[in-house]
Amino acid sequence: MNENTEKRINPFFQPYGTPHDAVPFDRIRLEDYEEAFMEGIRRDNEQIEKTINNPAKPTFDNTIINKDDDTEGYYDLLERVSTVFFNLLSAETNDDMDALAQKMQPILTQHANDVRLNERLFERIKYVHRHHRKLTPEEKMLLDNCYDGFVRSGALLDKEGKDKLRQLTEEASMLSLQFSQNLLKENKAYILHITDEKQLDGLPQTAIDAAAEEARQQEKEGWIFTLDFPSYSPFMTYSTQRDLRQQLYMAKNTECIHDNENNNLEICKRIVNLRREIAQLLGFRTYADYVLKNRMAGNVKSVYKLLNDLIDAYKPTAEKEREELKKSAKVDFELEPWDTSFYSHKLQLKKYNLDAEMLRPYFQLDKVIDGVFGLANKLYGISFRENKDIPVYHPDVKAYEVFDKDGSFLAVFYADFHPRKGKQGGAWMTQYQGQFIDKKGENVRPHVSVVMNFTKPTKEKPALLTLGEVETFLHEFGHSLHGMFANTRFESLSGTNVWWDFVELPSQFMENFAVEKEFLRTFAFHYETGEPLPDELIRRIVKSRNYMAASACLRQVSFGLLDMAYYTKKDAFTDDIITFEKKAWKKAIIGKQRMDTCMTVQFSHIMAGGYAAGYYSYKWAEVLDADAFSVFKKEGIFNQQTAQRFRDEILSKGGTENPMTLYKRFRGGEPTIDALLKRNGIKRQTK
């Protein structure tokens with residue numbers, strides 16, 4: 001055995017030898033990561049030395065895209081191991097992975113700084129930026145991004161400034177990691193354990209069965225509810241036990257503010273201040289100014305214009321929605337946040353005779369998968385085939401080969417559907433390999449992954465989704481199509497590597513299909529009887545689509561306002577986080593606020609997820625997606641010519657051109673807010 005161990009080669013150091021060279025999750029051990037990280041850094045440094053010591057005049061080819069072919073095939077080792085490690089840190093982590101992340105994060109951040117602050121390397125890049133051969137638009141975009149990336153990382157600073165920047169970025173990197181680890185620990189630490197069956201009153205059988213299954217897995221009697229969305233949401237919507245709803249709500253909304261080792265209050269303050277200091281060191285007034293320079297919005301003023309326009313358009317309707325909710329509740333107490341979902345559901349039932357549980361039997365996960373894949377086939381002609389020879393990192397994960405309409409291989413697609421202990425909450429798309437064209441001219445195809453937290457199957461029933469979960473699937477699948485259709489020369493410009501306020505267009509666009517009868521007819525069949533979703537239920541879905549739409553819009557706007565409030569700070573942030581939060585988003589809030597809850601400390605998007613000064617992107621992209629889908633509504637929702645145009649002009653182009661240029665090429669003009677207002681049934685307010 002010892003002899004075999006000595007002969008073992010780290011899987012990251014060789015071709016994977018799997019179908020499509022997919023990640024061999026089954027062969028990777030914990031110790032492989034650190035070894036590969038350090039070797040990847042060594043190879044990076046060696047390559048940089050070759051580049052900066054090249055006696056030839058700097059050119060685009062010997063400086064910007066100068067990357068040696070590995071003897072075993074082309075790959076960037078550091079990128080290879082980082083991608084796997086950090087993807088699994090979100091989807092399948094444990095204490096040992098977390099500890100290794102804490103160890104490696106400062107080393108990796110220091111290395112990134114060493115590269116971006118290398119003066120001799122930047123001198124070559126600067127020379128090429130000023131003197132280069134005639135470039136294609138894609139080559140020019142890569143060169144501009146490269147030069148700008150170095151400048152935005154401090155290449156023009158003096159030594160004192162560079163040293164300061166190193167310190168700030170390394171600390172910010174560590175704190176973002178700590179923020180995420182604290183939040184995951186808090187989320188997984190709480191359970192609501194019920195042993196009295198009477199306390200299940202009002203809950204649908206699917207929620208009760210799931211809670212019983214959770215209790216069985218934890219070897220406890222009764223029923224266990226958690227803060228994972230498939231458990232939390234039904235409880236808040238259906239439970240008649242107001243005291244338990246309050247208990248669950250407060251557990252969820254006070255994560256990371258307790259006086260323990262997982263408290264994120266000071267971490268958030270420090271992250272905000274570090275980012276402000278970084279931006280100001282680089283010559284920007286605020287972190288938002290720094291971020292928005294490379295966004296469609298362009299500046300802070302444009303973001304606030306969008307958010308304020310939405311408030312003006314939606315707030316009157318949202319106030320009416322709130323009044324109607326209070327009136328229909330007919331209770332002798334002030335409605336609290338833990339009452340909203342419960343009474344909102346009752347009102348929805350009264351107005352539309354529609355309820356998420358009525359629809360759930362028609363949304364069996366396996367059939368939904370078929371429906372979503374079928375939609376991609378109808379639009380783009382692509383097909384999916386599960387391949388069990390492709391390794392996966394957990395038994396829940398399914399791996400598929402994706403084929404283009406001409407039968408050629410397009411991508412590997414991983415789908416990870418259910419919550420578990422080592423998995424972050426929420427839903428996201430990522431990739432294990434990006435698309436690019438290698439030096440031999442081969443189009444290296446992407447390996448993309450969608451990770452979600454959907455309702456689990458039980459012993460009695462298969463996984464049955466809500467309509468909201470179907471929309472989430474479509475959303476993440478839209479991101480994956482952006483990745484799978486990538487067709488660019490350079491990996492850093494392919495797929496979802498686009499400006500941040502453009503990245504949500506493909507995902508939010510796909511959500512539109514969730515309420516289209518022609519789409520629902522392709523997969524929504526009762527899991528027991530096989531009967532199709534009745535026309536009457538579809539009619540009610542469409543009719544109720546805008547139920548509480550204004551309130552939902554203002555909720556997103558409030559998050560955008562909070563984000564901008566933090567990152568437009570010009571001076572040191574010293575405020576109390578909770579007080580600041582309530583004031584920052586007050587303009588978009590309907591009703592009284594609670595001072596004993598806090599969103600900021602669990603707002604991963606803006607503290608650890610890349611959306612800092614960018615959360616407005618969801619609403620920005622919603623304007624785009626409504627406008628884009630209006631073209632499909634006009635030309636046919638399954639119109640393959642329209643879909644091909646969307647693929648060719650937007651999905652396949654990645655970040656090779658300005659996103660507005662791409663959008664106008666598809667649409668024929670710039671988007672307006674009109675399609676969104678029409679979709680939501682909102683009339684512009686006249687002043």
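Use the structure listed above.
Keep in mind that this is a model prediction, so the values were computed, not measured. (Residues numbered from 1 in each chain as written. Predicted model: local features only at pLDDT ≥ 70, side-chain atom pairs only at ≥ 80, totals over all residues. Heavy atoms only, no water.)

Here the focus is the packing of helix H2 (residues 30–52) against helix H4 (residues 77–91). Across the interface, H2 lies against H4 with an axial gap of 8 Å and an inter-helix angle of 145 degrees. In this structure, H2 meets H4 at a crossing whose hand is left-handed. Residues Tyr33, Ala36, Phe37, Glu39, Gly40, Ile41, Arg43 and Asp44 of H2 form the contact with H4, whose participating residues are Leu77, Leu78, Val81, Ser82, Val84, Phe85, Phe86 and Leu88. Split by residue class, the contact of H2 with H4 holds 11 nonpolar, two polar and three charged. (Axes fitted to C-alpha atoms, helices over the stretch in contact; angles between N-to-C directions. Helix = DSSP H or I, 4+ residues; strand = E, 2+ residues; numbered from the N terminus. Left-handed = near helix turned anticlockwise from the far one by under 90°. Contact = heavy atoms within 4.5 Å. Nonpolar A, V, L, I, M, F, W, Y, C, P; charged D, E, K, R; others polar.)

This part takes up the nonpolar core. Among the nonpolar cores identified, the biggest contains 147 residues, and Phe363, Phe413, Phe477 and Tyr567 are the most heavily contacted of them. Apart from the residues within four sequence positions on either side, Phe477 is in contact with Val372, Phe373, Ala376, Phe384, Phe413, Val450, Met484 and Met510. Counting residues in each nonpolar core, the second largest holds 33 residues, with Ala22, Val84, Ile390 and Val397 among its members. (Core = buried A, V, L, I, M, F, W, Y, C linked by side-chain atoms within 4.5 Å. Buried < 20%, exposed > 50% of the residue type's maximum accessible area, 1.4 Å probe, protein only.)

Turning next to the packing of helix H10 (residues 229–238) against helix H11 (residues 242–253). Across the interface, H10 lies against H11 with an axial gap of 9 Å and an inter-helix angle of 140 degrees. Considering their axes alone, H10 and H11 lie oblique with respect to each other. Here H10 runs over H11; the crossing is left-handed. Residues Tyr232, Phe235 and Met236 of H10 lie in contact with H11, whose contacting residues are Leu244, Arg245, Leu248, Tyr249, Lys252 and Asn253. (Parallel < 35°, antiparallel > 145°, perpendicular 65-115°, else oblique.)

Attention now moves to the pattern of salt bridges. Opposite charge on two side chains permits pairing when their charged atoms draw close. Going through the model one piece at a time under the given rule, you end up with 53 salt bridges. Across the pair Lys619 and Glu622 runs a salt bridge whose closest N-O atoms are separated by 2.6 Å. Linking Lys619 with Glu622, this pair stays in helix H25 (residues 617–635), spanning three residues, or about one helical turn. According to the relative accessible area criterion, Lys619 is buried, its value standing at 4%. Among the ionic pairs, Asp625 bridges to Arg679, the shortest N-O distance being 2.7 Å. One end of the pair, Asp625, is in helix H25; the other, Arg679, is in helix H28 (residues 674–680), with 54 residues separating them in the sequence. You'll find Asp625 and Arg679 in the same group, each marked buried. Ionic contacts of the salt-bridge type, sharing partners, join the residues Glu92, Asp396, Asp416, Arg420 and Lys423 into one network. (Salt bridge = Lys/Arg side-chain N within 4 Å of Asp/Glu carboxyl O.)

Even without being glycine, His20 reaches a positive phi, approximately 60 degrees. On the accessibility criterion, His20 (30% relative accessible area) is partly exposed. The phi dihedral of Met548 falls on the positive side, at around 60 degrees, and the residue is not glycine. By the secondary structure assignment, Met548 is in the loop between helix H21 (535–543) and helix H22 (549–567). On the basis of relative accessible area, Met548 is assigned to the buried category, the value being 14%.

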